[in-house]
Amino acid sequence: MNFIIIGHKGRLGSQIYEKAKQSHNVVGIEKDGDIFNLENYDFDAIIDVSSPENSVKSAGFAEKHNIPLIVGCTGHTKAQIDTILSKSERIPVMICPNFSIGICVLCEALKQILKAPITNAYITELHHKNKNDSPSGTAKLLENILKDKTNLHETTSIRQGKIVGKHRVDLYMENEHIVLSHSAESRECFADGAVFALEHIAGKPAGIYELRDFLDI
């Protein structure tokens, strides 16, 4: 398959680039590169892990050339999200704040647990000291699952050292306490999930997709 990776020299992008090129033809574009220089090439999918502003431009390019789009960067405004998702009327679109298969499984488990009478919920997330957005995109994903199902308290965000990513959800019942947690041991898990997503979104009909749509869970 033929893929474009935008932000291929970044912390996550470089991992995806190295993983994808083992099995596919890959073109990498730097964070501030011009994707419109690739007007005359055919691609099976695009992934943008550069910046919120740049991913909006990538969405325009993907729509123009009918190419499936995955956005993996975080920190978008609501207007930027709405602009990207509007392209789903013509192409497959996925906004994925975390490519970890484990996080996807955790989210599905959380949905099942919320069928119980959970009274209070707390999210704690830890990332490396250079991560800009807080709470993280993954924490916001967890918040969206919890917010209408129980009393969700403000997320605790910690930025320290070189932590790749840790998320913990504490759920309280009347006399019981349930804990769900996930730890990314290396960035390779995100690269694995991103390449998996690229391979599976290629050829799909227009619409909005999640990573879980490609997993049998």
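Residue positions are counted from 1 within each chain, in the order its sequence is given. Side-chain atom pairs in this predicted model are given and counted only at pLDDT of 80 or more, local residue features only at pLDDT of at least 70, and totals for whole chains, interfaces and linings cover all residues. Working from all heavy atoms in the structure, the side-chain values ignore hydrogens and water.

**Topic: the nonpolar core**
Reasoning step 1: Judged by nonpolar contacts, the single largest core of 28 residues is most densely connected at Ile5, Ile16, Ile47, Ile70, Met94 and Phe99.
Reasoning step 2: Contributions of two or more residues to this core are made by β1 (2–6), α1 (11–20), β3 (45–48) and α6 (188–201).
Reasoning step 3: Counting from the N terminus, the helices are the DSSP runs of H or I reaching at least four residues and the strands are the DSSP runs of E reaching at least two. A per-element tally of this core places α6 first, with 7 residues.
Reasoning step 4: Here a residue-residue contact requires only that any non-hydrogen atoms of the pair lie within 4.5 Å. In contact with Ile5, other than residues within four places in its own chain, are Gly13, Ile16, Tyr17, Ala20, Val26, Val27, Gly28, Ile29 and Ile47. As used here, the term nonpolar core means buried Ala, Val, Leu, Ile, Met, Phe, Trp, Tyr and Cys residues forming a set that is joined through side-chain atoms within 4.5 Å. Exposure classes here rest on a 1.4 Å probe applied to the protein chains alone. A residue is buried below 20% of its type maximum, exposed above 50%, and partly exposed in between.

**Here's the deal with the environment of Lys21**
Reasoning step 1: Take Lys21: it is sitting in the loop between α1 and β2 (25–29).
Reasoning step 2: For the pair Lys21 and Asp213, spaced 192 residues apart in sequence, the C-alpha to C-alpha distance is 24 Å.

**What about the packing of helix α2 (residues 52–65) against helix α3 (residues 78–86)?**
Reasoning step 1: Packing of α2 against α3 leaves a shortest axis separation of 9 Å and a crossing angle of 20°. For the element pair α2 / α3, the angle class is roughly parallel. Of the two elements, α2 crosses α3, and the hand of that crossing is left-handed. Contact with α2, carried on its side by Pro52, Glu53, Ser55, Val56 and Ala59, involves Gln80, Thr83 and Ile84 of α3 and no other residues of that element.
Reasoning step 2: For the contact of α2 with α3, a count of residues per class yields 4 nonpolar, 3 polar and 1 charged. Only the contacting stretch of a helix is used when fitting its axis, a line to C-alpha atoms as for every element, and angles between N-to-C directions run 0 to 180 degrees. Roughly parallel means an angle under 35 degrees; roughly antiparallel, over 145; roughly perpendicular, 65 to 115; everything else is oblique. Two helices cross in a left-handed way if the nearer one is turned anticlockwise from the farther one by less than a right angle. They cross in a right-handed way if the turn is clockwise. We call Asp, Glu, Lys and Arg charged. Ala, Val, Leu, Ile, Met, Phe, Trp, Tyr, Cys and Pro are nonpolar, and the rest, Gly among them, are polar.

**Overview of the confidence of the model for the chain**
Reasoning step 1: pLDDT measures how confident the predictor is about each residue, on a scale from 0 to 100. Within the chain, residue pLDDT values average 92, and 97% of them lie at 70 or more.
Reasoning step 2: Per-residue pLDDT, averaged within each element of the chain, yields its smallest value for β2 (90) and its largest for strand β4 (residues 69–71) (98).

**Focus: the pairing of strand β6 (residues 120–127)**
Reasoning step 1: Burial along β6 is one-sided: Ala121, Ile123, Glu125 and His127 are buried, and none of Asn120, Tyr122, Thr124 and Leu126, which face the opposite way, are.
Reasoning step 2: Pairing between strands is defined by DSSP: at least two bridges between the two strands are required. Alignment of β6 against strand β7 (residues 151–152), held across 2 bridges, turns out to be parallel. Residue Ala121 lies in a different strand from β7, and its bridge partner there is Leu152.
Reasoning step 3: Relative to strand β8 (residues 156–159), β6 is paired through 4 bridges, and the arrangement is parallel.

**Overview of the pattern of salt bridges**
Reasoning step 1: A pairing counts as a salt bridge when a side-chain nitrogen of Lys or Arg comes within 4 Å of a carboxyl oxygen of Asp or Glu. Overall, the coordinates contain 11 salt bridges when judged by the stated rule.
Reasoning step 2: Notably, a salt bridge pairs Arg159 with Glu125, separated by 2.9 Å at the nearest N-O pair. Here Arg159, found in strand β8, pairs with Glu125, found in strand β6; they are 34 residues apart in sequence, far enough to count as distant.
Reasoning step 3: Where salt bridges share partners, they join Lys19, Glu188 and Asp192 into one cluster.

**Focus: α6**
Reasoning step 1: In this model, α6 (14 residues) spans 20 Å end to end at C-alpha, consistent with the 20 Å of a helix rising 1.5 Å per residue.
Reasoning step 2: Taken residue by residue, α6 has Phe190, Ala191, Gly193, Ala194, Val195, Ala197, Leu198 and Ile201 as its buried positions.
Reasoning step 3: Structurally, α6 contributes buried residues whose contacts are with β1, α1, β3, β4, β5 (92–95) and α4 (101–113).
Reasoning step 4: After α6 finishes, the residue Gly203 shows a positive phi value of roughly 85°. One less than the number of residues in a helix, times 1.5 Å, gives the span that helix is expected to have.

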